[in-house]
Amino acid sequence: MKNKDISILRRGRWAMAGMLLGVLVAGGCDAINPTRVKNPTTTYEDLAQATNATEALLPGLRAQFARLINAYVVAEVVTDNFSIHGTGLIQTLDAPDEITPDIMNSTGTSATGVYWNVQELRALADFVINEIAPSDAGAPAELVAEARYYRGMAYLTMGEVFSFVPLEEDGAPQPSDVALGRAVSDLQAALGFGPQANAALARAYRLQGDRAGAAAAANAVLSADSEFLFAPPYDGGSITNTPVNFLVLRALQEMQPLPRLDFLDPKYTDRESAIPIAKAEEMHLILAEVALASGDLAGAKRQLASAIRLAGSRGAVSFDDIDERRNADLSLRPRDSEILVRADSDSPYRAGLVLDRPGVGLTIPNISGTSLDADSVTALSDASDLWHALWLARQEILFLEGRRLADLGIKLPMMLREIDQNPNISEGGPGTVPVVPGFVPLAPRYAMDIYAPVELYDGDGPEARLLQTKVTIGVDMNRLLVQHNASPFK
């Protein structure tokens, strides 16, 4: 096997313990406190016999979970939410059918590091759950439940992002539904950690097409807290919000939103910005989808309106934006509030989707935002229109939270190093190539990101004048999701 010295799955107990301790020393999401474990010669046996060993290792799991969420969120560049304009992200990520294992080969917290980070979280959680907790007689049940939550989230992410993936060191690739099954088992065991476990269960059941399970888990979250939000902030130091690197820290923003999503961008404005992991709005959206799939239009409208109203109550942040809204060739993208945008050539033009940039005191939704109006949605009578509103609400309300990839059904390949070193995997085999549903347009290249006209201004300087005030998106992916009955509850 190749590259044994950089094995993704960390061979042996010593290596796993060392990795965990390294995360503890370096890590620090919001709830992560500096570890008391300092000795670099600590062994597996030391950990197993240590007092409060499970408690000591939980900060490492929290930190690795934070890293995974970073990578998963940046992976939205693969979808219609963003296009890439800069050098910090690989342009090929805009073309999902061209993404190869060598592109997904990073250990960082950008989009190319999703595979490494999800496997790292799964392996670290395995270590705590299987090796440490059973020997730790004093391990609080809530900490074991938290560890099961993180492993459940690793399996859930595997099921959302990859078509096939090994679930243990040197294992044969398993289909995504196997990963989702493991996610359900872990998340059921994690209910003592809080409503976020039921929120993740609702996501997993939805992907399995289990209407009853998804509805029960979603209702459990809303019963516990009608405004539920689980969004641990980052510390701005060792574990920072990675998306911010591509959203706000450069004059040329590398992740440029689809023009009709401009009003939601950048969502995260500094290195400490929290990323919503689970929230009540998603539970309403899942319940609306269950109702629609069951032919209950009244129930669907009620749940969808609840999601929209809650999203509107979440508040926003004020942000001084230096982004000039430029393409890679430095031409100007839509950046004036008088611009009207329509989702495709068959849709009406809508105002209020584009903000004035650069701008001082821009108001940006930092938890949830949507262009939909609850009363207008309630007035809809056609099922297709309600399905379209649901997909649009999911896109907008869950913007930059990692859901769009799974909603479009796009699956990424595993990383090259896994293929090179795992004897059960061969190039071209299951999980080593991207999977893109037939309804996702691939031609022309970057088709999901195209809009017209491209030339809206009379130049590209700071004083350029706006010449065109109407923009049409090339393809409305939400319309395609409706037409192809893309709901897991179909």
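If you're wondering where the values come from, they're calculated on a predicted model, not measured in any experiment.

**Q** Run through the nonpolar core, naming residues and quoting values.
**A** Counting 149 residues, the largest nonpolar core has Leu61, Val77, Leu93, Tyr149, Met255 and Leu304 as the members making the most contacts within it. If we ignore the near neighbours within four places in the chain, the residues touching Val77 are Phe82, Ile84, Leu89, Leu93, Asp94, Ala111 and Met255.

**Q** Which residues make up the sheet that holds strand S10 (residues 451-452), and what values go with them?
**A** As summarised here, the arrangement of the 3 strands in space is S8-S11-S10, forming an open sheet in which the pairing is mixed. Only two strands of the sheet have a single partner each, and these edge strands are strand S8 (340-342) and S10. For S10 and strand S11 (residues 470-473), the ladder comprises 2 bridges, and the chain directions are antiparallel. The residue of S11 that forms the bridge with Ala452 is Thr472.

**Q** How would you sum up the packing of helix H6 (residues 176-189) against helix H7 (residues 195-208)? Please name residues and give values.
**A** Close contact between H6 and H7 brings their axes to 9 Å; oriented N to C, the two are set at 155°. Accordingly, the angle class assigned to the pair H6 and H7 is roughly antiparallel. Crossing of H6 over H7 shows left-handed handedness. Between H6 and H7, the residues in contact are Leu180, Gly181, Val184, Leu187 and Gln188 and Ala197, Ala200, Leu201, Ala204, Tyr205, Leu207 and Gln208, respectively. In the contact of H6 with H7, the residues fall into 9 nonpolar, 3 polar and no charged.

**Q** Now, about the packing of aromatic side chains: what can you tell me, with residues and values included?
**A** As enumerated under the stated definition, the model contains 9 aromatic pairs in all. Ring geometry for Phe65 and Tyr149: centres 5.9 Å apart, planes at 70°, overall edge-to-face. Remark: Tyr149 occurs in helix H5 (residues 141-161) and Phe65 occurs in helix H3 (residues 53-74); sequence separation between them is 84 residues. With respect to class, Phe65 is no different from Tyr149; both count as buried. Consider the rings of Tyr149 and Phe230, whose centres lie 6.1 Å apart with planes at 80°: the pair is edge-to-face. Of this pair, Tyr149 sits in helix H5 while Phe230 sits in strand S4 (residues 229-230); the two residues are 81 residues apart in sequence, bridging distant segments of the chain. By relative accessible area, which is 1% here, Tyr149 ends up buried. Sitting over the face of the ring of Tyr457, Arg335 holds its NZ or CZ atom 5.8 Å from the ring centroid.

**Q** Explain the pattern of salt bridges residue by residue, including any values.
**A** Applying the stated rule across the entire model yields 26 salt bridges. For Asp407, the salt bridge is made with Arg206, and the minimal N-O distance between the two is 3.4 Å. With Asp407 in helix H14 (residues 404-408) and Arg206 in helix H7, this pair connects stretches of sequence that are 201 residues apart. For the pair Asp407 and Arg206, a shared accessibility class is recorded, and that class is buried.

Scoring rules and cut-offs
- Residues numbered from 1 in each chain as written.
- Predicted model: local features only at pLDDT ≥ 70, side-chain atom pairs only at ≥ 80, totals over all residues.
- Heavy atoms only, no water.
- Core = buried A, V, L, I, M, F, W, Y, C linked by side-chain atoms within 4.5 Å.
- Buried < 20%, exposed > 50% of the residue type's maximum accessible area, 1.4 Å probe, protein only.
- Contact = heavy atoms within 4.5 Å.
- Pairing = 2+ DSSP bridges.
- Helix = DSSP H or I, 4+ residues; strand = E, 2+ residues; numbered from the N terminus.
- Axes fitted to C-alpha atoms, helices over the stretch in contact; angles between N-to-C directions.
- Parallel < 35°, antiparallel > 145°, perpendicular 65-115°, else oblique.
- Left-handed = near helix turned anticlockwise from the far one by under 90°.
- Nonpolar A, V, L, I, M, F, W, Y, C, P; charged D, E, K, R; others polar.
- Phe/Tyr/Trp six-rings, centres within 6.5 Å; stacked < 30°, edge-to-face > 60°.
- Lys NZ or Arg CZ within 6 Å of the ring centre and 35° of its normal.
- Salt bridge = Lys/Arg side-chain N within 4 Å of Asp/Glu carboxyl O.

By themselves, these are just geometric observations and shouldn't be taken as functional.
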